[in-house]
Amino acid sequence: MRKPAVLVLEDGSVFRGTSIGADGSSVGEVVFNTAMTGYQEILTDPSYLRQLVTLTYPHIGNVGANPEDEESAGIQAAGLIIRHLPQRASNFRQRERLDDYLRRQGVVGIADIDTRRLTRILREKGAQNGCLQAGDAIDEAAALAAARDFPGLKGMDLAQQATTAEPYAWTQGEWALEGGLPAPLDPADEALPFKVVAYDFGVKRNILRMLASRGCSVTVVPARTPAAEVLAMNPDGVFLSNGPGDPEPCDYAIAAIRELLEHQVPLFGICLGHQLLALASGARTLKMKFGHHGANHPVQDLATGAVMISSQNHGFAVDEASLPETLQPTHRSLFDGSLQGIRRCDCPAFSFQGHPEASPGPCDVAPLFDQFIESMRARG
Ligand SMILES: NC(=O)CC[C@H](N)C(=O)O
């Protein structure tokens, strides 16, 4: 027999369902993700720290869970909210069921609720804080109070929490991208390997794999690593990772990026890294109404007019109206016109708001990794 579970939003909405994870209570910002696949990559994406994720695709758990699909060391989301957990999970790569996977990691989950009603509330009213309780000790009044007490993600620096404690080297390439493995590296290419220092604000493993597959020898460093330490490593380029929370309070990262820009180091940023590059260049960021979380978001390349389908996961965005003269917009969302990419006109630095590592999602934007390689090659 499954135990009961309840999700209470700060606006007082109550969703009663059944528990599919650990017993307990968890508070966070409730966000909806429209991707039809990749629930395990979503759960383990560190950008989801302090967020309770609901998936609009109704059947979640069909293929169970396995160690290869993890984007980090384990589940990072504060909880999972779904319509239906299938009775049986079936896949040759499966090592455990999704509910066992949640339980083993002490993460709460709820199923058998109307996720369409929940998503409509989030779309209409904007991001809501919520409390998910599961098990025998449910107290809806306490859940409502906890949801209302949660201060929200605005102003919250979570990159420091998501980052690695110590630097480490990353060597593993991609192994299973849709469309086959990347072209083998040219042994006669004397520029290889490119020495890349990757700032970890909550990095996803597939980003590191895509860098390694393109001939980068990657050193991942903690979020608070000063620019001087990075410069002393004499990198060919610096990567700024995705990550959770609000970019604005990450003043240590903004200061480091400013210094790296002054040294004309090739820079490439993804998502939180994109927002931090913008802040370091003098632009502003803002909290979006309900953000972008999905795997089918159309984004236009403003230079070519080409439209790419992209993965997205962000609740903050760079305010295009605040761009200084040194920043040029390069990509725009065709869902809501928001800014999706920028490049510095005076330094070899560029960034993208969505997820070119597409994990999960389409690979249309993967060439941005090649653009980073080219910018390091051009610098010589
Ligand atoms: N995936 C990310 O890097 C997210 C960036 C930031 N935390 C946001 O929500 O906008």
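What counts as what
- Residues numbered from 1 in each chain as written.
- Predicted model: local features only at pLDDT ≥ 70, side-chain atom pairs only at ≥ 80, totals over all residues.
- Heavy atoms only, no water.
- Core = buried A, V, L, I, M, F, W, Y, C linked by side-chain atoms within 4.5 Å.
- Buried < 20%, exposed > 50% of the residue type's maximum accessible area, 1.4 Å probe, protein only.
- Helix = DSSP H or I, 4+ residues; strand = E, 2+ residues; numbered from the N terminus.
- Contact = heavy atoms within 4.5 Å.
- Pairing = 2+ DSSP bridges.
- Axes fitted to C-alpha atoms, helices over the stretch in contact; angles between N-to-C directions.
- Near = heavy atom within 4 Å.
- Polar contact = N/O pair within 3.5 Å; in protein donor to acceptor, adjacent residues only side chain to side chain.
- Areas by Shrake-Rupley, 256 points an atom, 1.4 Å probe, with all protein chains shown as cover.

Trainee: Describe the nonpolar core, naming the residues involved and giving the relevant values.
Mentor: Core analysis: the largest hydrophobic core is formed by 34 residues, its most contacted members being Tyr199, Phe201, Val238 and Leu276. Elements that contribute at least two residues to this core include exactly strand E9 (194–200), helix H7 (227–232), strand E11 (237–240), helix H8 (251–262), helix H9 (272–280) and strand E16 (339–344). In terms of residues, this core owes the most to one element, H8, which gives seven residues. Once you skip the residues sitting within four places of it in the chain, Val238 turns out to touch Val197, Tyr199, Val230, Leu260, Val265, Pro266, Leu267, Phe268 and Phe372. In this structure, Phe239, Cys271, Val365 and Phe369 belong to the second largest nonpolar core, which totals 28 residues.

Trainee: Run through the sheet that holds strand E3 (residues 24–33), naming residues and quoting values.
Mentor: The seven strands lie next to each other as E1-E2-E6-E5-E4-E3-E7, forming a closed barrel whose pairing is mixed. Each adjacent strand pair in this sheet contributes to an overall mean axis angle of 35 degrees, direction not counted. By the bridge criterion, seven bridges tie E3 to strand E7 (residues 128–134) in an arrangement that is antiparallel. The residue bridging Gly28 from the neighbouring strand is Gly130, located in E7. Across the sheet, helix H3 (residues 115–125) lies against strand E1 (4–9), strand E2 (14–19), E3, strand E4 (51–55), strand E5 (79–81) and E7, angled at about 70 degrees from E3, the strand it touches most. Running over the sheet, helix H4 (residues 140–149) touches E1, E2, E3 and E7 and is turned about 145 degrees from E7.

Trainee: Mind laying out the site of the ligand, listing which residues take part and the relevant values?
Mentor: Taken together, 13 residues sit near the ligand, with Gly243, Gly245, Asn313, Gly315 and Phe316 positioned nearest. Within the backbone of Gly245, a nitrogen or oxygen atom sits 2.7 Å from a nitrogen atom of the ligand. A distance of 2.8 Å is found between an oxygen atom of the ligand and a backbone nitrogen or oxygen belonging to Phe316. In isolation the ligand offers 300 Å² of accessible surface; the protein chains occlude 97% of this area. Elements with a minimum of two residues in the shell around the ligand: H9 and strand E14 (307–318).

Trainee: Describe the environment of Gly135, and please don't skip the residues or the numbers.
Mentor: In this structure, Gly135 sits in the loop between E7 and H4. Judged by its relative accessible area of 1%, Gly135 falls in the buried class. Residues Gly135 and Lys3 lie 132 residues apart in sequence; the distance between their C-alpha atoms is 5.4 Å. Ignoring anything within four residues of it in the chain, the contact list for Gly135 reads Lys3, Pro4, Ser19 and Asp23.

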